[in-house]
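# Results of the structural survey
Read off the chains here:
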Amino acid sequence: MFIQSPIVERLIESFRRLPGVGRKSAERYALHLLSMPPEQAFDFSAAMREAREGITWCPVCRNLTDTTPCVVCADDRRDQSLICVVEQPTGAMAIEKGGAYRGVYHVLHGVLNPLEGIGPDELQLELLFNRVKGGNISEVIVATNTTAEGEATALYLARRMGALGVQVSRIAHGVPMGGGVEYADAMTLAHALEGRSRI
Ligand SMILES: [Zn+2]
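These figures come from a predicted structure and were not determined experimentally.

On to the overall build of the protein, then. Helix and strand content of the protein: 8 helices and 7 strands. In terms of overall dimensions, the protein has C-alpha extents of about 60 × 35 × 35 Å along its principal axes. The buried share of the protein, reckoned over its 199 residues, is 41%. In the protein, the proportion of contacts linking residues at least 24 apart, taken out of those at least 6 apart, comes to 56%. The positive charge centre, built from 20 side chains, and the negative charge centre, built from 23, are 2 Å apart in the protein.

What follows is the structure, given as structure tokens:
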């Protein structure tokens, strides 16, 4: 590294906590930040703090929000009886960008993964089941990723919610196998939602 300093080291280690950032990239980011005009760097840090303090999880759908509930849950022009279940807020963001979906969301913040100790409790699935049990839900679309864990989670949700008497469907063609919902383009996602199948 360009300078031996515990302060710089702390900055590098902070960047390394971001996904996909290794030691080399973290060093590059740190160097870049230290080369910026001070006010730009302070603005960067203030934006992070403001976002982290001001953004919470919606108590209804667990999407990221700066209002309670989020704008989607509070919007009565949206079909509140149609829930689309996604793994991460990025999945909901990608579907929103498509502009065709008029229902609401439920964000799991992960998928079932027994090997890593992530079960229904860790994902707080009761919150989703309670939404369904609360009535007025006509359909749940499961838009988890098409990975092994995403598929296993979809099957689990279908079994549990099917027992509650609600129609459960899965987005189908269009989303590449092993791919993430957030990486699919808007048109692909629109087709995938359109072509969902019952599970
Ligand atoms: Zn919400």
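The calculated volume of the largest pocket comes to roughly 540 Å³. Taken together, 15 residues form the lining of the largest pocket, with Arg10, Leu11, Ser14, Leu33 and Met48 sitting closest to its centre. Of all the elements in the fold, those that place two or more residues in the lining of the largest pocket are helix 1 (6–16), helix 2 (23–35) and helix 3 (38–54). With 6 residues, the single largest contributor to the lining of the largest pocket is helix 1. Looking at side-chain class alone, the lining of the largest pocket contains 11 nonpolar, 2 polar and 2 charged residues. By volume, the second largest pocket amounts to about 210 Å³. What lines the second largest pocket is Met48, Ala51, Arg52, Ile55, Thr56, Trp57 and Leu64. Among the elements of the structure, helix 3 and strand 1 (56–57) are those that each provide at least two residues to the lining of the second largest pocket.

Looking at the zinc ion, the protein donor atoms are Cys58 (SG), Cys61 (SG), Cys70 (SG) and Cys73 (SG), and they sit 2.3 Å from it. Coordination at the zinc ion is tetrahedral: its 4 donor atoms span angles of 105 to 116 degrees at the metal. Along the chain, the residues that donate to the zinc ion are spaced as C-x2-C-x8-C-x2-C. Taken together, the residues span a long stretch of sequence, with cysteine 58 in the loop between strand 1 and strand 2 (64–65) and cysteine 70 in the loop between strand 2 and helix 4 (71–74) at a distance of 12 residues.

This part takes up unusual backbone geometry. A cis amide bond, omega -5 degrees, links threonine 68 with the succeeding residue proline 69. Here proline 69 lies in the loop between strand 2 and helix 4. Despite not being glycine, arginine 62 has its phi angle at roughly 65 degrees, a positive value. Examined against the element boundaries, arginine 62 turns out to sit in the loop between strand 1 and strand 2. For arginine 62, a relative accessible area of 4% translates into the label buried.

Here the focus is the side chain of arginine 131. Mapped onto the secondary structure, arginine 131 falls in helix 6 (residues 125–133). The charged side chain of arginine 131 is buried without a salt bridge, its nearest counter-charge being aspartate 79 at 10 Å. Beyond its immediate stretch of four places on either side in the chain, arginine 131 contacts Val60, Cys61, Ile83, Val104, Tyr105, His106 and Ile137.

Calculation rules
Residues numbered from 1 in each chain as written. Predicted model: local features only at pLDDT ≥ 70, side-chain atom pairs only at ≥ 80, totals over all residues. Heavy atoms only, no water. Helix = DSSP H or I, 4+ residues; strand = E, 2+ residues; numbered from the N terminus. Buried < 20%, exposed > 50% of the residue type's maximum accessible area, 1.4 Å probe, protein only. Contact = heavy atoms within 4.5 Å. Lys, Arg positive; Asp, Glu negative; His and termini not counted. Charge placed at Lys NZ, Arg CZ, Asp CG, Glu CD. 1 Å grid on protein atoms, 1.4 Å probe; cavity = no way out; pocket = protein on both sides within 12 Å on 5 of 7 lines; lining within 4 Å. Points joined across faces, edges and corners; volume = space filled by probe spheres on them. Nonpolar A, V, L, I, M, F, W, Y, C, P; charged D, E, K, R; others polar. Donors = N, O, S within 2.8 Å, 3.2 Å for Na, K, Ca; no water. Tetrahedral: all angles 85-135°; square planar, octahedral: opposite > 155°, others 65-115°. Salt bridge = Lys/Arg side-chain N within 4 Å of Asp/Glu carboxyl O.

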